[in-house]
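# Architecture and fold: a report
In case you want the letters, here they are:
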Amino acid sequence: EPEVTQTPSHQVTQMGQEVILRCVPISNHLYFYWYRQILGQKVEFLVSFYNNEISEKSEIFDDQFSVERPDGSNFTLKIRSTKLEDSAMYFCASSLPGQKFNTQYFGPGTRLTVL
Amino acid sequence: RKEVEQDPGPFNVPEGATVAFNCTYSNSASQSFFWYRQDCRKEPKLLMSVYSSGNEDGRFTAQLNRASQYISLLIRDSKLSDSATYLCVVNIGGGGNKLTFGTGTQLKVEL
């Protein structure tokens, strides 16, 4: 069964550093997403991406965040200058429009720790 | 009012028990509804989509009441492996296809 994959599984960084989180969505999917989950809290939407542009973003997704699909398979989330409060689990997801309910499938996540 | 509200639990039940989880959502324009399961420190995994007419998948039954903005999940004959957090998830539609999650209801199935 096709899966969303993410690398790295755990990233530790110093406050103020840039990080890039990588995702490989399911190969025939066309919608891509990033969500985050701070420890002990609910999963929160960050951004959705379709047809090489952002379709929706949340208030969390400020100027420090950016997304890119640099090639036909990868989807990345960049945080330019990390803050302590960016420490969270970051989940990538993908979906296929036209499939009933446009169901989103999640990757295993990258745990980001900002020190 | 929270966008998606769930009882956080935990629900501690014996193996073989039937357990029901409830969820309410605030946006009447919501278009699609899901139950996801999340194990500790893992990704959300789709358990089932929720159809307007209600639907069943093995031991799991989901119901939707649009008038009351209420979603339920019933688990029959609980197994130890059902222990997890159950997330009520709503898609209000729109171009971004954003999912809104509840905080989750924790289930612990015990011997």
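Please read all numbers here as calculations on a predicted model, not as lab measurements. Each chain has its residues counted from 1, running along the sequence as written. Naming scheme: in the order in which they are written, chains are lettered from A and ligands are numbered from 1. Totals for whole chains, interfaces and linings use all residues, but because this is a predicted model, local features are given only for residues with pLDDT of at least 70 and pairs of side-chain atoms are given and counted only at 80 or more. Based on all heavy atoms of the structure, the side-chain values leave hydrogens and waters out of the count.

## Let's talk about the overall build of chain B
Threshold: Put simply, DSSP H or I for four residues or longer makes a helix, DSSP E for two residues or longer makes a strand, and each gets a number counted from the N terminus. When checking whether two residues touch, look at their non-hydrogen atoms; a contact exists if any pair is within 4.5 Å. Computed with the Shrake-Rupley method and a 1.4 Å probe, the accessible areas treat only the protein chains shown as cover for residues. Asp and Glu are treated as the negative residues and Lys and Arg as the positive ones, with His and the ends of the chain left uncounted. Just so you know, the charge point we use is NZ for Lys, CZ for Arg, CG for Asp and CD for Glu.
Scanning chain B for helices and strands turns up zero helices and 11 strands. Reading the secondary structure of chain B in the N-to-C direction produces β-β-β-β-β-β-β-β-β-β-β. In terms of overall dimensions, chain B has C-alpha extents of about 45 × 30 × 25 Å along its principal axes. In chain B, the proportion of contacts linking residues at least 24 apart, taken out of those at least 6 apart, comes to 57%. Accessible area for chain B stands at about 5,200 Å²; split by element, carbon and sulfur atoms hold 47% of it. Seen as two clouds, the 12 positive and the 11 negative side-chain charges of chain B have centres 5 Å apart.

## Comments concerning the pattern of salt bridges
What counts here: A side-chain nitrogen of Lys or Arg and a carboxyl oxygen of Asp or Glu constitute a salt bridge if their distance falls within 4 Å. Each residue is placed in one exposure class: buried if its accessible area under a 1.4 Å probe, protein chains only, is under 20% of its type's maximum, exposed if it is over 50%, and partly exposed if it falls in between.
Taken as a whole, this structure holds five salt bridges over all chains when the rule is applied. In this structure, Glu-44 of chain A and Arg-36 of chain A form a salt bridge, with 3.3 Å as the shortest nitrogen-oxygen distance. Since its relative accessible area comes to 10%, Arg-36 of chain A is described here as buried. Of the charged contacts, one joins Glu-56 of chain B and Arg-76 of chain B as a salt bridge, the two residues approaching to 3.6 Å between their closest N and O atoms. Of the two residues, Glu-56 of chain B sits in strand E6 (residues 55-57) while Arg-76 of chain B sits in the loop between strand E8 (70-75) and strand E9 (84-91), which places them 20 residues apart along the sequence. The exposed category is assigned to Glu-56 of chain B, whose relative accessible area is 56%. Take Arg-76 of chain B: its relative accessible area is 26%, and that puts it in the partly exposed class.

## Concerning the sheet that holds strand E7 (residues 65-68) of chain A
All names here are of chain A. Selection rule: Any two strands with at least two DSSP-identified bridges between them are counted as paired. For helices, the fitted line uses only the C-alpha atoms of the stretch in contact; every axis is such a line through C-alpha atoms, and the angle between N-to-C directions lies from 0 to 180 degrees.
Sheet architecture is open: four strands sit in the order E1-E3-E8-E7, paired in antiparallel fashion. Because the sheet does not close on itself, it has two edges, and the strands there are strand E1 (5-7) and E7. Sheet twist, expressed as the mean angle between neighbouring strand axes with direction ignored, is 20°. Pairing geometry for E7 and strand E8 (residues 75-79), over four bridges, is antiparallel. Within the sheet, the bridge partner assigned to Phe-65 lies in E8 and is Ile-79.

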